[in-house]
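Architecture at a glance
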Amino acid sequence: MEINLPEAEVKKGARTAPPEVRRKQLIDATVTCVSKLGISGTTLTAVTKEAGLSLGLANFHFKNKETLLNETLNALAQEHRALWMKAHDREDLSPVAKLCAIVDAQFHPSICNRKKLAVWFAFFGEKTHRKAYRQSSAHVDLERLEASTDLCHLIISDGGYTGVEAEDVASSLEALFDGFWLNILMYPAKFDREGASRQVFAYLKSVFPKHF
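Bear in mind the structure is a predicted one, so any value in this text is a computation, not a measurement.

**Describing the packing of helix 5 (residues 65-88) against helix 9 (residues 138-159)**
Close contact between helix 5 and helix 9 brings their axes to 10 Å; oriented N to C, the two are set at 20°. With respect to helix 9, the axis of helix 5 lies roughly parallel. When the axes of helix 5 and helix 9 are compared, the crossing they make is left-handed. Facing helix 5, whose interface residues are Ala77, Gln78, His80, Arg81, Trp84, Met85 and His88, helix 9 presents His139, Val140, Glu143, Arg144, Ala147 and Leu151.

Right under this line is the structure:
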């Protein structure tokens, strides 16, 4: 049965949403604003307008613009991490399946889309915010690099590969990830998620032909 609440009750419910809901609204609005306006053009006023919330509410959840930006970057990093860690933590999956999960997460539509890529490269492109990135999110990249390296070691051992260094393969994967992200953002008519993923797996096949 459909229940129609009075307008006053709807507004009251909107005002009393849980804090985590409000924080997510503000972070999502920040992603949108940065993708449209860049970091310098993103203000708390612009974010609250995009979110349909008050400036006072934004100040309550985040002390200032820098805090909001850092929390937004951290949220994107954790979203990405959760996607590949879900498979990485499964004991029933092989090292190949786990490495595939890392690649798949890199080009998942919830992660690899123009709005979020614009935010990542906005942080990469400004010196002051590169420092913020290193402080808040670089450890997630390092964790993924180390996980990929460990998986490559296991694959090398299983396949008896010679002349292949796990560290080199993992580093090459990271370079491919960053390069394809940039190309997808800059040249969407030529580069897309599916093509990027296909080329990364082609690289893995060339290195580990017995497994890919």
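Following the structure, the description resumes.
**A closer look at helix 6 (residues 95-106)**
When the terminal C-alpha atoms of helix 6 are compared, their 17 Å separation across 12 residues agrees well with the 16 Å that a helix rising 1.5 Å per residue should span. Considered for burial, the residues of helix 6 that qualify are Val96, Lys98, Leu99, Cys100, Ala101, Ile102, Val103, Ala105 and Gln106. Where helix 6 is buried, its residues touch helix 5, helix 9, helix 10 (166-186) and helix 11 (193-207).

**Examining the nonpolar core**
Grouped together as the largest cluster of nonpolar side chains are 48 residues, with contacts concentrated most on Leu99, Phe107, Trp181 and Phe208. Counting only elements with at least two residues in this core, the list comes to helix 2 (19-41), helix 5, helix 6, helix 7 (114-125), helix 9, helix 10 and helix 11. Tallying contributions element by element places helix 10 first for this core, with 8 residues. Filtering out sequence-adjacent residues up to four positions away, Phe107 remains in contact with Cys112, Phe177, Phe180, Trp181, Ile184, Arg193, Ala196, Ser197 and Val200. If you look at the next biggest cluster of nonpolar residues, it comprises 12 residues, including Val47, Leu53, Phe62 and Leu68.

Parameters and conventions
Residues numbered from 1 in each chain as written. Predicted model: local features only at pLDDT ≥ 70, side-chain atom pairs only at ≥ 80, totals over all residues. Heavy atoms only, no water. Axes fitted to C-alpha atoms, helices over the stretch in contact; angles between N-to-C directions. Helix = DSSP H or I, 4+ residues; strand = E, 2+ residues; numbered from the N terminus. Parallel < 35°, antiparallel > 145°, perpendicular 65-115°, else oblique. Left-handed = near helix turned anticlockwise from the far one by under 90°. Contact = heavy atoms within 4.5 Å. Expected span 1.5 Å × (residues − 1). Buried < 20%, exposed > 50% of the residue type's maximum accessible area, 1.4 Å probe, protein only. Core = buried A, V, L, I, M, F, W, Y, C linked by side-chain atoms within 4.5 Å.

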